[in-house]
Every structure is written in structure tokens, then in C-alpha cells.
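Spelled out from the first residue to the last, the chains are:
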Amino acid sequence: MENSQSNQPLVTYSSSSAPVWQLRVAVATPQHAGLAGALDYQHHEALAPGQLLRVPLGRREVLGVVWACDAREPDPEAPALKPVSTVLPLPPLDAGWRALIEFGAGYYQRGLGEFALAALPIGLQQATPEQLQRRLARPPAKRRSAAAPAPIAAVAPPPLNAAQQQALAAVAAQLDLPQGAPRPPMLLWGVTGSGKTEVYLHAAELALARGAQVLVLVPEINLTPQLEARFAARFGAEQIVTLHSGLSPAQRLRHWIAAHSGQARLVLGTRLAVLASLPRLGLVLVDEEHDASFKAQDGARQSARDLAVLRAAQAGVPVLLGSATPSLESWHNANAGRYLRLAMPERINDAPMPRIRLLDLAQLPRKSGPGAPQPPIAQPLLDAIEQRRLRGEQSLLLLNRRGYAPVLHCGACAWKSGCPNCSAWRVFHKSDRTLRCHHCGLSEPVPRRCPDCGNADIAPVGRGTERLAEQIADWLPEARVLRLDADTTKAVGSLEAGLAQVHDGSIDVLVGTQMIAKGHDFRRVSLVAALNPDTMLYSSDFRAPERLFALLLQAAGRAGRAGGGGEVWIQTDQPRHPLFQALLRQDYAGFAAQQLEEREMAGLPPYASLALLRADSRDEAGGRDFLAACAAAGEALGLDGLSWYPPVPHPIAKVANQWRWQMLVESAQRAALQRALRAWMPEVLRLARQHRQVLRWAVDVDPAGI
Ligand code: ADP
Ligand code: ZN
Ligand code: ZN
């Protein structure tokens, strides 16, 4: 066989009759590898930009996207380019998608290929062309029969009230603007229960009626199955696909293809959905736009909210950002007239807002003398919970700490349950009697005696949700108590099962972390209590007050949704703190004004643009030295208006025996920061190759906190 082949004339495509096409292909090479945005390949025919294909890379075959395609005169001197392995039978990714990816990669300082390929479903890498062809031909699951096309509106919507009509009119006006006309992003500022979701549904209907696709972003899809249900009830499930990390690779591929091919008209997803291929995108909706979950904490660390706004602007379509407590960035943009503010200050049908009560812990009698630990729940609050129970109403108790107790302590020698690998305490979990580190995952049985002095009397200090639920059950023996947090909802379906119990009234008191504060429409909950919000008040994170205010107002929105009499109790040592005072008045605007003033004085976002360079190292000095060298290299660029700060340890300085460091770059101007980062990154790459102790590093543009 080999002989017969060697006698064949060499077949090349470089003869004049069949030109070689040179392709620039985006493939997943990390920026750290130092490769430029795309690699060159050759093919025997022209391929459209956006075409998906497989190409050889090293010894593997990888997924790629054609970024450019040129006819090329064969150059006998140049080494031959590798040929494309397989062209995938899918329509090319359109120019809008490619423009979004180019912007995102540039803005977040990532390689084009890294950013582009991270936006594609993993299933695309394995699927055979035949499988893809079948997928494309077969409509997504749950399709209606072709004979009976479902009407767009499957459930009749309620008539909108005046505020809703105004908001909808703004969306409608933008939908009908001519191509290229400016469309300022719309900020739908509506209190909980003001009917924001109803506005989304109507807005989506308008866009769908114009033949467009609608992208709906939600912070955490697991917490908002209701939203999917409401869209499905209105438009029929067959119009909708979801995109989130809870899908299997096969489901995600199927949903992605449905969006890419235009079969799915409504795409409802978490932050990853903002980069979906949507060839007929006509409207973008972002629910709870302030939510921190929109910011990715790994990969390119992009903000899906910011990319949504950018994507809408690039595509020339309206974007509606909804929240009861907008991010200070969006609020600032609205104040400056860059965003259009649409206010819905009243609840639907004049339902009263819940009453907020501050419970001054300092005023409460202490358990036994001064210095004794505070009771976790003040007696008046406990009485109120019991009264609600007797009336058949539910109470929701929030504690932002899971486990039984955050630390174990030996009274004899002052030993504490530290983690040997991290600069953190290990948390006592009573249900399986373990000490667990929430940072590195180290889990060990609770020691019977103090490991240092042998004392048998080691005691939990403080309290997490597990202990709180136990104590409530002790104090209110009649109450049916349920705990929902990351520990009790690990098993598939357990969260849904727990939520179902709340909805059907088979529990009286729900204890949980902020997981239960968001979004849920609990009809029977009439009392919400935040038990230790002060811990967030004293956080070093500059966004902590904004987060706390949003969380508490959001939690308040869970109280009394079905009628009047909703109450929110806040236990605090600082009842006169301006944050709690604004909360008492449910005065988001006042709170935002005060926060913005503080941010302006401190030179923090939105009055400054920030980037963090993070580095982890095996030894304590490695990351610090690398970042110090990077800061010096930044300084040496000699750019005006840039500040390069020295490295500081991450708030949790050591995790899993790796030291974590970060350094801050700051500028008053976003564009100046972007220019500086572009000039700086090659230096950072060069220094990273020199500093071998650095295990990993990443730049984080617009970090969530510093
Ligand atoms: P939000 O998203 O602002 O919390 P929702 O859109 O969920 O508010 O509305 C709260 C409740 O009021 C929902 O049960 C919704 O069905 C109902 N609702 C919304 N708009 C109207 C309306 N115009 N007329 C009657 N009920 C409405
Ligand atoms: Zn001891
Ligand atoms: Zn640890």
C-alpha cells in the first residue's frame, strides 16, 4: 500500500486552478501561553468568518472559529500551514457575536481564542458532524407538533397599571427606533412586588411579535425556576431554552444550537448566556441587575451585566436592567442621564410594603450578666415568630453563616479550630461531627479532646444556620423548622423539595443563608428576620454596604407578599447606622446618594476604574515579589493618571497552602485604564515567566471587591 501511494503524484491545493485559503482561526490557547489571538491554518475552499471547525493543535484536535479567510498565493519558501481537520455543519457565528467576543477579550485582557472558546458549549468539542447535523435538523426537546402552532401568548396577561405601561412604552419606543439610533439602556427601578416581571413579559412579547429573539439574564437560575415557569406559561415552553451551568453538556449543546439556529426565540440563562449566539437578537432583559453573581469569579472574570449592556448597544437593540436596588454603577449612569430611569415605586394593587423594625441588641437584657454571650434571637422576635405560627403564617430567618458554629474553642488553653492549610477557622458541623474548612475543603472528625492540652471541654463559639435551626426547634417545640443552605441542598432536587415544603405550608420557620433571601415568591411568609447583618457592615470590602442593603431589601420583599402585615426584623448593635436608617425608610435613593458620595470621596467606582492583578504562590514571598515587580513595571510605563499600588495579601491570605496576593491598578478614566492594561500585559507576561514560584495569576478588570 505504501508503495502504491508513494507513486501517486502529490496532491496539493496550491496549483493555480485551486487556490489555498489561509484562515485565521480562534482556538483555546490561554493568553499566558503567549500566543496571539488566532492561529493560521489552510483550507481548500473559502470559509465564512464565524465558521466552526476542528483544527490540529499540537497533538490534539481542537474546536476553532474562523476569524478571517484570505486567498493566498502559494509561497514555496514558507512552511506549509496545517490543514483544517473538519468543517462542522453549523451556520457560522454572526458578525455581532464576533464583535462582542472581540470587545470582551480586549476589555478583560484575555486572548481572543481563550475568550471565544470559553463562550461555546463544551459539547461542541466532542460532537461528531453527523450528530450536529441531526441536532440542527431536529427541533429542540418539548417541541409542539407542527400541525398545531402554539399561540405566542399562552396565558392571558393582566392589564398593566400606569407605571408598568410607562415602562413598557419606553421599551416599545426603543424597539421601533430606526437602525443606528441611540438607545440608552433602561433601568427599571421597581420595588419588590411592583410588577417588574410582568413588564419583562410584555416587553418580550413585543420583541417576539417583531420576529426577534429575546435574551433574559437572571443571577442564579436555580433560585428562579419561577421565572422560567412564568415565561413558559405566557409563551409556551417550546419557545424557550435555558442556558446555565446546571445543564448536562448534551442539554447545553442542544439549547445552544437552538439559540444559534434561531429555533429558540427566548433564551433564559445565567451569566454565561450573555455570550450565546443569537442571530436575531432583538431585546435584552437583565433581572436583578445589581446581583454579584453576574460577575464571573473565574476565567475572564467578566461582568455579564456589563456585557449585556455592551451587546445591546453593538446590536442596536434595547436593554432593560431591572432591580429594586440597582447597582451603584447603573444608578450613577441614570443620574448622569446615560441610562433612562423607569421608576415603579408602588407595589401592585397598593399592597403595603412590609414594616421594618430594628432590634437594638444593646438594649436587650443579657442572658446572665455583662459579658455573657448574647442570645441569638431576642425574646420579642421569638414571640413574634410564635404568633405568626399560631396564625398559620411562616417566618424566614436569615443567617449568613452555615455550619453549626464557625469555630471550636478550648477554654483551658485557648486552642481554636484553625485550618492547617489556610488562614481561616474550620467550621464545626454537628450533623456529621466534622470540622470542615470552607476554603480548602479539609474535613476531619471533631477531636474528642483539645489537640493541644487534652482538655475534654471544647465548645462551639458563635452560631451558624445548623445551630440556629436546632435552637429554634428547642425554643419553639411546636414549630416545624426547615434549614436550607449549601449543606442541606447538595443532593439533586433537595432544594426544590425544601422550597415545595415552604410553598405548601408544611413548615413554619425557614432558616437559611442568603440563598433563601432572593426572588422566591413565598406566599405565606409574613415575617423575615436578619440575625447578624452587622458582620457585613464591618467588612473591608467597599461594596459590602451596597450588598447588605440590597440583600435586606430583597429579603424584606419576601415578607407579606400575599397581603398586608409583613414585617422585617433586623437585629443589630448599630441601629443608628445610616444604612439601617435608610433601610427603615426603605429609601434606596437616599442610601445610594450617600454611598455615591462616599465612593466619590474615596475615589472608588463608579468614580474610578479598577483592575486587580492576582497571584498565588507556594511560598509567601513568591506572589508578592511577582506583583511588586509588575507594579514597578506599570509605574515605569510613565502613564498619567494611573496609580499602581503595592501588593497586599488577599483577605484570606492562605488557602490550601497557597499564598494569595493581589495588587490594584486604578485610574479615574476607564479608557485610560484600558490603555494602561494593554501596554502593561506584555510586561506582566514576561515577568510571569521569570517568577517561577507563581502558580497562577490573573488580571481582574472591574473587580467585585478589593
Ligand atoms: P416584581 O418582579 O417586581 O417583584 P411581579 O412582576 O412578580 O413583581 O409582580 C408581583 C405580583 O403581582 C405577581 O403575582 C404578578 O402576577 C402580579 N401582577 C403584576 N402586574 C400586575 C398587574 N398589572 N395586575 C395584576 N397583577 C399583577
Ligand atoms: Zn486546650
Ligand atoms: Zn483550609
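Above this text you will find the structure in question.
Residues numbered from 1 in each chain as written. Chains lettered and ligands numbered in written order. Predicted model: local features only at pLDDT ≥ 70, side-chain atom pairs only at ≥ 80, totals over all residues. Heavy atoms only, no water.

Turning our attention to the overall build of the protein chain. Along the backbone of the protein chain there are 20 helices and 28 strands. Whereas a compact globule of 706 residues would reach a radius of gyration of roughly 27 Å, the protein chain reaches 28 Å, a difference of no more than 12%. C-alpha atoms of the protein chain, sized along the principal axes, occupy 100 × 65 × 55 Å. Burial analysis of the protein chain (706 residues in total) assigns 53% to the buried set. Within the protein chain, contacts between residues at least 6 apart in sequence are counted, and of these 75% link residues at least 24 apart. Total accessible area on the protein chain is roughly 30900 Å²; 53% of this is exposed by carbon and sulfur atoms. Charged side chains of the protein chain number 74 positive and 64 negative; the gap between the two group centres comes to 3 Å. (Helix = DSSP H or I, 4+ residues; strand = E, 2+ residues; numbered from the N terminus. Rg over C-alpha atoms; globule rule 2.2 N^0.38 Å. Buried < 20%, exposed > 50% of the residue type's maximum accessible area, 1.4 Å probe, protein only. Contact = heavy atoms within 4.5 Å. Areas by Shrake-Rupley, 256 points an atom, 1.4 Å probe, with all protein chains shown as cover. Lys, Arg positive; Asp, Glu negative; His and termini not counted. Charge placed at Lys NZ, Arg CZ, Asp CG, Glu CD.)

With that out of the way, let us pick up the site of ligand 1. Near ligand 1 you find 16 residues, and of these Pro159, Gln164, Gly193, Thr197 and Arg230 are the closest. Contact between ligand 1 and glycine 193: an oxygen atom at 2.8 Å from a main-chain N or O atom of the residue. A distance of 3.0 Å is found between an oxygen atom of ligand 1 and a backbone nitrogen or oxygen belonging to glycine 195. If ligand 1 stood free it would expose 560 Å²; the protein chains cover 76% of that surface. Considering every element that reaches the shell around ligand 1, the biggest residue donor is helix α7 (residues 196-209), with three residues. Residues belonging to the shell around ligand 1 are distributed by class as follows: five nonpolar, seven polar and four charged. (Near = heavy atom within 4 Å. Polar contact = N/O pair within 3.5 Å; in protein donor to acceptor, adjacent residues only side chain to side chain. Nonpolar A, V, L, I, M, F, W, Y, C, P; charged D, E, K, R; others polar.)

The protein atoms donating to the zinc ion (ligand 2) are Cys410 (SG), Cys413 (SG), Cys450 (SG) and Cys453 (SG), with metal-donor distances spanning 2.2 to 2.4 Å. Angles of 105 to 113° at the metal separate the four donor atoms of the zinc ion (ligand 2), which places the site in the tetrahedral class. For the zinc ion (ligand 2), the donor residues sit on a single chain with the sequence spacing C-x2-C-x36-C-x2-C. With relative accessibility at 40%, the residue cysteine 453 sits in the partly exposed group. (Donors = N, O, S within 2.8 Å, 3.2 Å for Na, K, Ca; no water. Tetrahedral: all angles 85-135°; square planar, octahedral: opposite > 155°, others 65-115°.)

So, about helix α6 (residues 162-175). Quick reminder: α-helices carry 3.6 residues per turn. Residues three or four places apart thus point the same way. With 14 residues, α6 should cover 20 Å at 1.5 Å per step; its first-to-last C-alpha distance of 20 Å lies within 8% of that length. The elements touched by buried residues of α6 are β6 (186-190), α7, β10 (281-286), β11 (319-323) and β12 (340-344). The N-capping residue of α6, defined by a side-chain oxygen 3.2 Å from the backbone nitrogen of alanine 163, is asparagine 161. (Expected span 1.5 Å × (residues − 1).)

The next point concerns empty space enclosed by the protein. All chains considered together, the criterion is met by two cavities of 30 Å³ or more. Size it by volume and the largest cavity reaches roughly 90 Å³. Leu398, Leu399, Asn400, Gln514, Ala530, Leu531, Asn532, Pro533, Met536, Leu548, Leu551 and Leu552 are the residues that line the largest cavity. Looking at the lining of the largest cavity, the element that brings in the most residues is helix α16 (residues 544-556), giving three residues. In the lining of the largest cavity, the residues fall into nine nonpolar, three polar and no charged. (1 Å grid on protein atoms, 1.4 Å probe; cavity = no way out; pocket = protein on both sides within 12 Å on 5 of 7 lines; lining within 4 Å. Points joined across faces, edges and corners; volume = space filled by probe spheres on them.)

Before going further, it helps to examine the coordination of the zinc ion (ligand 3). Binding of the zinc ion (ligand 3) to the protein goes through Cys419 (SG), Cys422 (SG), Cys437 (SG) and Cys440 (SG), at separations of 2.3 Å. The site at the zinc ion (ligand 3) holds four donor atoms, and with the angles between them running 106 to 112°, its shape is tetrahedral. The motif formed by the donor residues of the zinc ion (ligand 3), counted along the single chain, is C-x2-C-x14-C-x2-C. Of the two residues, cysteine 422 is situated in the loop between β15 (407-410) and β16 (427-429) and cysteine 437 in the loop between β17 (434-436) and β18 (443-445); the sequence distance between them amounts to 15 residues. In terms of burial, cysteine 422 and cysteine 437 fall into one category: buried.

Throughout the structure, instances matching the rule amount to 33 salt bridges. Between arginine 483 and aspartate 485 there is a salt bridge, with the nearest N and O atoms lying 3.0 Å from each other. Exposure remark for aspartate 485: the relative accessible area of 0% places this residue in the buried category. The partner of arginine 547 in a salt bridge is aspartate 541, and the shortest N-O contact between them spans 3.8 Å. Here the salt bridges do not stand alone but share partners, grouping Arg355, Arg357, Arg388, Arg391, Glu393 and Glu567 into one network. (Salt bridge = Lys/Arg side-chain N within 4 Å of Asp/Glu carboxyl O.)

The next thing to look at is α16. When the terminal C-alpha atoms of α16 are compared, their 18 Å separation across 13 residues agrees well with the 18 Å that a helix rising 1.5 Å per residue should span. Among the 13 residues of α16, 12 are classified as buried, and the element is accordingly described as predominantly covered.

Think of a sheet as strands paired side by side through backbone hydrogen bonds, with each pair either parallel or antiparallel. In space, the seven strands of this open sheet follow the order β8-β9-β7-β10-β11-β6-β12, with parallel pairing throughout. Both edges of this open sheet fall to β8 (240-243) and β12, since each of them pairs with a single strand only. Adjacent strand axes in the sheet meet at a mean angle of 20°, parallel and antiparallel pairs treated alike. Strand direction decides the pairing type here: β6 and β11, joined by four bridges, are parallel. Across the sheet, the residue bridging to tryptophan 189 is serine 323, located in β11. Set on the sheet, helix α11 (residues 328-335) makes contact with β6, β11 and β12; between it and β6 the angle comes to about 110°. (Pairing = 2+ DSSP bridges. Axes fitted to C-alpha atoms, helices over the stretch in contact; angles between N-to-C directions.)

Taken together, three strands build an open sheet; the order of strands is β16-β17-β18 and the sheet is antiparallel. The open sheet terminates on both sides in strands that have one partner only, identified here as β16 and β18. The average undirected angle you get between the axes of adjacent strands in this sheet is 30°. Where β17 and β18 come together, three bridges link them in antiparallel fashion. For leucine 435, the partnering residue across the bridge sits in β18 and is glutamate 444.

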